[in-house]
Amino acid sequence: MKTSETGKPKRRDSSNEKESDMQSYKGKQATVTYDENVCVHAGKCVGRLPSVFNLDRDPWIDPDAADLDALEETIKAGPSGALGLTRNSQ
């Protein structure tokens, strides 16, 4: 994951945007994807599920740190669509 000097996800630089910079975080039940070039850094994910989305941790996304349904709801609530969720096959 590309991070700033503080270890947090980089904010997008509109003067140097890429098509996609998708990152994947695989858990036991689901995989969370994050596209830093789409994220608007509204903080909805961190505010709703800090156990999963923690900027002080590396990796900063832990898909196993919360109930799968709560994780899915939080990702759907994101304003930009930068986060995605795929339920892993059992």
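Here the structure is a predicted model, which means the values were calculated and not measured.

J.: Could you give me a rundown of the environment of T86, with the residues and numbers involved?
T.: Tracing the sequence through the fold places T86 in strand β3 (residues 83–87). Judged by relative accessible area, T86 falls into the partly exposed class, the value being 48%. Along the sequence, T86 and Q29 sit 57 residues apart, while their C-alpha atoms lie 8.7 Å from each other. For T86, the contacting residues outside a window of four places in its chain are Q29, A30 and T31.

J.: Please set out the environment of K44 residue by residue, giving values where relevant.
T.: The topology assignment puts K44 in helix α1 (residues 44–48). With 31 residues separating them in the primary sequence, K44 and I75 have C-alpha atoms 8.7 Å apart.

J.: An account of empty space enclosed by the protein is needed here, citing residue identities and associated values.
T.: A water-sized probe, rolled over the atoms, reveals where empty space remains. Within this structure, the stated rule accounts for one cavity of 30 Å³ or more. Estimates place the volume of the largest cavity at around 30 Å³. Around the largest cavity, the lining residues are Q29, A30, P63, D64, A66 and L68. The residue inventory of the lining of the largest cavity, partitioned by class, reads four nonpolar, one polar and one charged.

Parameters at a glance
Residues numbered from 1 in each chain as written. Predicted model: local features only at pLDDT ≥ 70, side-chain atom pairs only at ≥ 80, totals over all residues. Heavy atoms only, no water. Helix = DSSP H or I, 4+ residues; strand = E, 2+ residues; numbered from the N terminus. Buried < 20%, exposed > 50% of the residue type's maximum accessible area, 1.4 Å probe, protein only. Contact = heavy atoms within 4.5 Å. 1 Å grid on protein atoms, 1.4 Å probe; cavity = no way out; pocket = protein on both sides within 12 Å on 5 of 7 lines; lining within 4 Å. Points joined across faces, edges and corners; volume = space filled by probe spheres on them. Nonpolar A, V, L, I, M, F, W, Y, C, P; charged D, E, K, R; others polar.

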